[in-house]
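Topology and contacts: notes
These are the residues of each chain, in order.
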Amino acid sequence: MTERPLLEISDLAITFPGGRGQWPWQRQSDVKAVQGASLSIGRGETLGLVGESGSGKTTIGRAVLQFIQPASGTIRFGDFDVTGFGRSVPAAYRRAVQVVFQDPVGSLNPSMTVGQIVGEPLQLHFGLDRAARQARAAELLISVGLEAHHLERYPYEFSGGQRQRIAVARALATEPELLVLDEPVSALDVSTQSQVINLLERLQDETGAAYLFIAHDLAVVRHISDRIAVMYHSRIVETGEADRLCEEPRHPYTELLLASIPDPDPKLQPLKSRRRRELTVGGELGASGSAPTESCPFAERCPHALDICSTQFPDPFPLDDGGWVRCHLHTSGPTLAGQPITQLAVV
Ligand code: SF4
């Protein structure tokens, strides 16, 4: 019998109410931030959720953390029905699911010492006294590559990478089963990014925690993820094992994200740039306007678009690696179904 996933999200929809219009009696349309999103994460697994700013990926993370309520769909975590919590989120869930935000400056209270920041969840969830908190906080700091004497310092005394290590130590203090990592390295320089990614990988081996790794950079996401889900304009359009998805993308938007990653080989870079131009028929990356409900959200930019794409968003088409793709190229005929998108000519 296969083990049930730790986190299961099914057919999730999240809508934000529209703001006021030009006149007092006018109201803008509601914003469909997430539509029909389904994904799962196993114990100890890393799922990368990748997409541009505004694609809905962070909104899914915030729903898992219960910062916002979905309009419909379900989120299950272990035995918890997360969407049924309402306003009272059980302490056990708060302990089991922790978050690391993009901005370590904004997420660390500048008036608290590092010892107080890391010690706070230890008091809240385990009721440790001051001496025990300090001892455990020192262990946590050492585990993220800092030193015990840093407990007495304040966040402003650290670099960006060190502050993110403090945020990771605080998140790990509750011994979580799932960490939501929301653009955790986006604000860091490239060399610090790789140090923090390596740290997260080591800590996952040691703790067995699962990660929901949310980021816009597919190269970073590939490095750390077991599986990847690609989002575009409120929809998950492709999922699959990280290596397959990056080597044989099935959705044109996934291929566009890959073509946007600079290639270290100067001979290959011009080919990549040309492929990116071929794929970007509707302008540069980025969705605009309200997310369509019926059509493929990528239809206006897709070089392969068919007539059906503007009227119908396809159902998931299963792939050999256990993932799926939502694209009519894989459902419209036996000659196209299942082929890597890279083998299709740009029309
Ligand atoms: Fe392009 Fe149609 Fe596939 Fe959307 S469904 S990605 S428009 S071919």
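Before any of the text, the structure's been laid out above.
These remarks concern the structure in this document. Numbering of residues starts from 1 in every chain and runs along the sequence as written. Confidence filtering applies because this is a predicted model: local features only for residues at pLDDT of at least 70, side-chain atom pairs given and counted only at 80 or more, and all residues used for totals across whole chains, interfaces and linings. Where side-chain values are given, they derive from all heavy atoms of the structure, hydrogens and water being excluded.

Examining the site of the ligand
The following threshold applies: Near is defined per residue: the residue qualifies when any heavy atom it owns lies within 4 Å of the molecule or strand. Under the grouping applied here, Gly and all other residues not named as nonpolar or charged are polar, the nonpolar ones being Ala, Val, Leu, Ile, Met, Phe, Trp, Tyr, Cys and Pro and the charged ones Asp, Glu, Lys and Arg.
The immediate surroundings of the ligand are formed by His251, Pro252, Cys296, Ala299, Cys302, His304, Ala305, Cys309, Cys327, His328 and Leu329. The class makeup of the residues in the shell around the ligand is 8 nonpolar, 3 polar and no charged.

Re the pairing of strand β8 (residues 210-215)
Note the threshold: Partly exposed residues are those whose accessible area sits between 20% and 50% of the maximum for their type, while under 20% is buried and over 50% is exposed, using a 1.4 Å probe and protein chains only. Each helix is a run of DSSP H or I of at least 4 residues and each strand a run of E of at least 2, with the numbering of both proceeding from the N terminus. Only strands joined by at least two bridges in the DSSP assignment are considered to pair. Handedness is read with the strands pointing away from the viewer; a crossover is right-handed when the path from the first strand over the helix to the second is clockwise.
Counting buried positions over the 6 residues of β8 gives 6, a clear majority of the element. What you see with β8 is no split at all: Ala210, Leu212 and Ile214 on one side and Tyr211, Phe213 and Ala215 on the other are buried throughout. Across 5 bridges, strand β3 (residues 46-50) lies against β8 in parallel orientation. Its bridge partner being in β8, leucine 47 is matched across the sheet by leucine 212. The pairing of strand β7 (residues 178-182) with β8 spans 5 bridges and is classified as parallel. The residue bridging valine 180 from the neighbouring strand is leucine 212, located in β8. The handedness of the β7 to β8 crossover, carried by helix α7 (residues 190-207), is right-handed.

Let's talk about the sheet that holds β7
To be explicit about the condition: By definition, residues are in contact when any of their heavy atoms lie within 4.5 Å. Axis definition: a line fitted to C-alpha atoms, over the contacting stretch in the case of helices. Angles run 0 to 180 degrees between N-to-C directions.
Across the sheet, which stays open at both edges, the 8 strands sit in the order β6-β7-β8-β3-β9-β10-β12-β11 with mixed pairing between neighbours. What marks the edges here is a single partner per strand, and that holds for β6 (97-100) and β11 (317-318). Relative to strand β12 (residues 324-325), strand β10 (residues 235-241) runs antiparallel, the two sharing 2 bridges. Bridged to threonine 239 within β12 is tryptophan 324. In this fold helix α1 (residues 57-64) packs onto β3, β6, β7, β8 and β9 (227-232), with an angle of close to 145 degrees to the strand it touches most, β8. Along the sheet, helix α10 (residues 252-259) contacts β3, β9 and β10; its crossing angle with β9, the most-contacted strand, is approximately 105 degrees.

Overview of the nonpolar core
What counts is decided by this rule: Buried Ala, Val, Leu, Ile, Met, Phe, Trp, Tyr and Cys residues form a nonpolar core when they are joined through side-chain atoms within 4.5 Å.
Judged by nonpolar contacts, the single largest core of 56 residues is most densely connected at Phe213, Leu218 and Ile228. If you tally residues by element for this core, the top one is helix α6 (residues 160-172), at 6 residues. Among all residues touching leucine 218, those that are not within four sequence positions of it are Val50, Ile228, Cys246, Thr254, Leu257, Leu258 and Ile261. Counting 35 residues, the second-largest nonpolar core is a separate cluster that includes Ile75, Phe77, Ala210 and Ile214.

Let's talk about the sheet that holds strand β5 (residues 80-81)
The strand order β2-β1-β4-β5 describes an open sheet built from 4 strands, whose pairing is antiparallel. The sheet terminates laterally at β2 (31-41) and β5, the two strands that pair on one side only. With 7 bridges connecting them, strand β1 (residues 7-16) and β2 associate as antiparallel partners. When the bridges of β2 are listed, leucine 7 appears paired with isoleucine 41.

Description of the packing of helix α4 (residues 114-126) against α6
Put simply, the rule reads: Between 65 and 115 degrees an angle is taken as roughly perpendicular, under 35 as roughly parallel, over 145 as roughly antiparallel, and anywhere else as oblique.
Relative orientation of the contacting elements α4 and α6 amounts to 25 degrees, with a least axis distance of 7 Å. The orientation of α4 with respect to α6, classified from their angle, is roughly parallel. Where α4 abuts α6, its residues Val114, Ile117, Val118 and Pro121 lie against Ile166, Ala169 and Arg170. Taken together, the residues of the contact of α4 with α6 break down into 6 nonpolar, no polar and 1 charged.

A closer look at the packing of aromatic side chains
Applicable threshold: Two aromatic rings, drawn from Phe, Tyr or Trp (for Trp, its six-membered ring), form a pair once their centres lie within 6.5 Å of each other, and the interplanar angle then sorts them: stacked below 30 degrees, edge-to-face above 60, tilted otherwise.
Under the criterion given, the structure shown has 9 aromatic pairs. On the basis of an interplanar angle of 20 degrees and a centroid distance of 6.4 Å, the ring pair of phenylalanine 67 and phenylalanine 101 is categorised as stacked. Residue phenylalanine 67 is found in the loop between α1 and β4 (72-77), and its partner phenylalanine 101 is found in the loop between β6 and α3 (104-107); the two are separated by 34 residues along the sequence. With centroids separated by 5.8 Å and ring planes inclined at 75 degrees, the aromatic side chains of phenylalanine 80 and phenylalanine 85 adopt a geometry described as edge-to-face. The class for phenylalanine 85 is buried, based on a relative accessible area of 11%. Here the aromatic residues Phe77, Phe80, Phe85 and Tyr93 are joined through ring pairs into a cluster of three or more.

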